Amino acid sequence: MTFGVRGLVYDREKNAVFLIRHTYVPGWQLPGGGVEVGETAMQALERELFEEGVIEITGEPVLKSIHFNRQASRRDHVAFYLIESFRQAAPKLPDREIAEAGFFPLDALPQATTPATRRRIAEVFSAVPVSPDW
């Protein structure tokens, strides 16, 4: 089984969420990635948020749900966390992996936000039932 993490970084003051756009897949999505060998899910979440957003978690993230990601493989699961306590030392600059990154108001998400990202946001903020699939 493969296991990944995704984080919904929410800025309550701005009512905005942090999204990234990769250089190698289309659409805006939540930051995250695979859990490496010997790494906990929390360590992976911390590493991915820093790599993809220069974001440091400063409070306890909330595990919101776990999803089966059948698009990735027949055995891939994603742990989905809500992060409301964080610090961003500097804006994320483009690199080989991340083309763009930034905070977007909930009512003004980029048009190319992926369907899975929109579903996770709706599950957290609009009381939409949680899907077992990513």
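Thresholds, definitions, all that
Within each chain, residue numbers correspond to sequence positions counted from 1 in written order. Where local features are concerned, this predicted model is filtered to residues with pLDDT of at least 70; where side-chain atom pairs are given and counted, the filter is 80 or more; whole-chain, interface and lining totals use all residues. Think of the side-chain values as coming from all heavy atoms in the structure, minus any hydrogens and water. By salt bridge we mean one thing: a side-chain nitrogen of Lys or Arg within 4 Å of a carboxyl oxygen of Asp or Glu. A helix here means a DSSP run of H or I that spans at least four residues, while a strand means a run of E at least two residues long, and both kinds are numbered starting from the N terminus. The buried label applies to any residue whose accessible area, calculated with a 1.4 Å probe on protein chains only, is under 20% of its type's maximum; exposed applies above 50%, and partly exposed to all values in between. The definition of a nonpolar core used throughout is a set of buried Ala, Val, Leu, Ile, Met, Phe, Trp, Tyr and Cys residues joined through side-chain atoms within 4.5 Å. Any two residues having at least one pair of non-hydrogen atoms within 4.5 Å are treated as being in contact. Multiplying 1.5 Å by the residue count of a helix minus one yields the expected span of that helix. Directions from the helix axis toward the C-beta atoms define the arc.

A look at the pattern of salt bridges
Where charged atoms from two side chains of opposite charge approach closely, those side chains can pair. Enumeration over the complete set of coordinates arrives at nine salt bridges. Here Arg12 and Glu84 are joined by a salt bridge, their closest N and O atoms 2.4 Å apart. Residue Arg12 is found in the loop between β1 (2-11) and β2 (16-22), and its partner Glu84 is found in the loop between β7 (76-83) and β8 (86-88); the two are separated by 72 residues along the sequence. With a shortest N-O distance of 3.9 Å, Arg47 and Glu36 are connected by a salt bridge. Pair noted here: Arg47 is in helix α1 (residues 41-53) and Glu36 is in the loop between β4 (32-34) and α1, with a separation of 11 residues, a long-range link. We classify Arg47 as partly exposed; its relative accessible area is 22%.

Things to note about the nonpolar core
By size, the foremost hydrophobic cluster in this structure holds 15 residues, and its most contacted members are Val5, Val9, Leu45, Leu49, Ile55, Tyr81 and Ile83. Of all elements in the fold, only β1, β2, α1, β5 (55-57) and β7 reach the threshold of two or more residues within this core. By residue number, the principal contributor to this core is α1, which donates four residues. Those residues in contact with Val9 that lie beyond four places of it in its chain are Ala16, Val17, Phe18, Leu49, Ile55, Ile83, Phe86 and Phe103. Leu8, Val17, Leu19 and Phe104 belong to the second largest nonpolar core, which has 14 residues in total.

With respect to α1
Since one α-helical turn is 3.6 residues long, residues separated by three or four positions face the same way. In this model, α1 (13 residues) spans 17 Å end to end at C-alpha, consistent with the 18 Å of a helix rising 1.5 Å per residue. Taken together, the buried positions of α1 are occupied by Ala41, Ala44, Leu45, Glu48, Leu49, Glu52 and Gly53. Looking straight down α1, one finds its buried side chains confined to an arc of 125°; they lie on one side. Residue Val54 follows α1 closely and has a positive phi angle near 55°.

Examining the environment of Asn69
Along the chain, the position of Asn69 falls in the loop between β6 (62-68) and β7. Under the relative-accessibility criterion, Asn69 is labelled buried at 13%. Between the C-alpha atom of Asn69 and that of Lys14, which follows or precedes it by 55 residues, the distance is 30 Å.

Concerning unusual backbone geometry
Not every positive phi belongs to a glycine, and Asn15 is a case in point at roughly 50°. Notably, Val54 is not glycine yet its phi reads approximately 55°, a positive angle. Topologically, Val54 is positioned in the loop between α1 and β5.

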